[in-house]
Each structure stands twice: as structure tokens, then as C-alpha cells.
Amino acid sequence: MKNCAGPLRMRRPGGLRKLPAIGALLPLLLFARPVSAQEPQDFSKVDVQTQKVGGNIYMLTGAGGDIAVCITNDGIMMVNSSFSQMSDKIEAAVRTLSDKPVRLVVDMHWHPGDTGGNAYFEKQGAVIAAHENSRAIMISGTMRDGVKYDPFAKEAIPAFTYTDRAAFYWNGEEIRLIHYPHADTDGGTIVYFATSHVIHSGDSYRTDGFPIVDWEHGGSVKAVIAALEDMIATYPPDTKVIPGHGPHPMTVADIKPYIEMLRDARGRVEKAVREGQTLDQMKKEKILSGYESYSHHVSFDHFTEVLFREVSEKKE
């Protein structure tokens, strides 16, 4: 996959429109409510940490997915918006970096831990953008892992979408949005800040455990591996990477061991399926033994289930 450059092209409902100056459209767009799904977490105890990654780019960590913040004189672009319950803390953290307004929020996929603050920032003038598949889920509502997610309030749904990739310039920072089909979801986006040489990888790469692969919405471990391999092939090894989850930025070179883990784990389960083993047998034998350090947010058993379903049902 080659990188793209050029004017931002995003799809509004009803067609594709070129945006030569996205900032000029901000006052025309009004959205505003959080997603209804609740998370069993005490957000009052969560602090937001900020750290500079490179160039104009900063990283925010707290609850939900890691956030990228691009600081410019014309305003702030933010990638991900965390849970709705974290919005005031996210805003306070951003204010320590700049007094400029948040003018654009890019959703990397539809999950509430990454999109819950959309409405909060839209109320303050931000435009919301996402891949068209993510927008479709936000409109319709969905089921995931047995949990029902209601449709997003119309005010919180992205105003602009794209299909494969888009590129634009944010006060001198060249920014590329790239869709990897069927990686963590079928609407996942990575964001490359070309001027600052920083990537936000989204949930295809995380440093705090096994990936959360959204099977119901087109995700697969095989496609996650392919996406990560493409990142390694496309970007220089020292390019900084903001992971989907994890406390610190990494580099493109750091992704390689994660790929090797995923490839080996998938291969183990695939081999066991060919040999006729059941899922219960794999769990009992701890087929992913050796990867204890990755069994944090996603348990051994759950990731074994994800891999078993993927290689046995061949939905990839």
C-alpha cells in the first residue's frame, strides 16, 4: 500500500466532496450527544497523561484508546475522543498543550472507548470524521460480544467519511487517513502525520496485550497481521507510533515482535484445528502458553476463542 497525498476528500451523506479548507466549514456543522453504552469503570479515578511524541504531535493516555493531538496555530486536530465520561479531563489535558480550540476529531473506529467524546467536542465546534463503515454502525446501532449498542444520537455521528484513504494539510502538517480493510474492524483507520513522522496505529497494534479483534464487524487477526506488515514495509523503522492502547509511544521497528506473536498464536490454533482439537481442549492445554504477558485486557481463553472462530469458520 502506498501513501497518499493531496487535498482531503471525504464523503458527506449523498456524495463525495473535496474540502480545500475544512476549517471554513466548522461553524456550519452541529452535533452533540454521547453514546448510551456504559462501561463498568470508575472514571473519576482515571488521570490523563500527556507526552510529546514528535513534531506537532502529542499523545494522551487515560481510559479508552490512546489519543493523538496535533497542535497548530489554527487549532487542534484530535484522533479518538475516549469515553464520554472522560471528556472534561481530556479537554483539560489538551488545554495544558494549547489554548486553541479542537476543530477536528478523527474516529479510528466506532467503539465507545474511542468515540464517546465526539459530542462533547462537537458542541465546542469540532467536526467529526471517520471511515464510512464506522459511520454506518453509529447510525444503525449494533451487537458486539452479546452487548447491544444503540444507534448514536444523530448529533454525534461523523459528518465526513472516506472510503479507502484521504489526505489533507492541517496548517502545515500533512495528514493521511488510511483504511486497512478487516483489521481490528471493517472501519478501522490509521492516521499518519507525515510532517512529524508519527503514526497512530489504532487497535491493530497495542502494547498492553492481545488485540481486541471485532469479529462481528469484519475484524480478523489475519488482517491485523497484514496491516502491521504493511506499516513496517511502508514507513521508516524509526517512525514514532502511538499505539491503540499502551502507555508510551513506540517505533515502527517495535511492531515486529508483536507481529511474530500474533502469527505464532494464530498458527498454533490453526494447527490444532487441523488436528481435530476442540476449543475446550485448546483452553485446557493453554495453547497460547508463553504469551502470559499479553493476557491482560484480553484473556488467554478469549483470544483463543477469537483465533479458533477465525480459523475454523474461515470468515476473514
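The model shown is predicted, which means the values in this text are computed figures rather than measured ones.

(A) Highlighting the pairing of strand S12 (residues 165-170). As paired strands, S12 and strand S13 (residues 173-179) are joined by six bridges and run antiparallel to one another. Its bridge partner lying in S13, Arg-165 is registered against Ile-178. Here S12 hands over to S13 after two residues, with Asn-171 in that stretch at a positive phi of 50°.

(B) Molecular detail of the sheet that holds S12. Taken together, six strands build an open sheet; the order of strands is S12-S13-S14-S15-S16-S17 and the sheet is mixed. What marks the edges here is a single partner per strand, and that holds for S12 and strand S17 (250-251). When strand S14 (residues 189-193) meets strand S15 (residues 198-202), the two strands line up antiparallel, connected through three bridges. Paired with Val-191 across the two strands is His-200, which belongs to S15.

(C) Spatial organisation of the packing of helix H6 (residues 255-274) against helix H8 (residues 300-313). For the pair H6 and H8, the least separation of the axes is 9 Å and the interaxial angle reads 60°. Compared by their axis directions, H6 and H8 come out oblique. Handedness of the H6/H8 crossing: right-handed. Here Leu-262, Ala-265, Arg-266, Val-269, Glu-270 and Val-273 of H6 come into contact with H8, specifically with Phe-303, Leu-307, Phe-308, Glu-310, Val-311 and Ser-312. Within the contact of H6 with H8, the residues separate by chemical class into eight nonpolar, one polar and three charged.

Calculation rules
- Residues numbered from 1 in each chain as written.
- Predicted model: local features only at pLDDT ≥ 70, side-chain atom pairs only at ≥ 80, totals over all residues.
- Heavy atoms only, no water.
- Pairing = 2+ DSSP bridges.
- Helix = DSSP H or I, 4+ residues; strand = E, 2+ residues; numbered from the N terminus.
- Axes fitted to C-alpha atoms, helices over the stretch in contact; angles between N-to-C directions.
- Parallel < 35°, antiparallel > 145°, perpendicular 65-115°, else oblique.
- Left-handed = near helix turned anticlockwise from the far one by under 90°.
- Contact = heavy atoms within 4.5 Å.
- Nonpolar A, V, L, I, M, F, W, Y, C, P; charged D, E, K, R; others polar.

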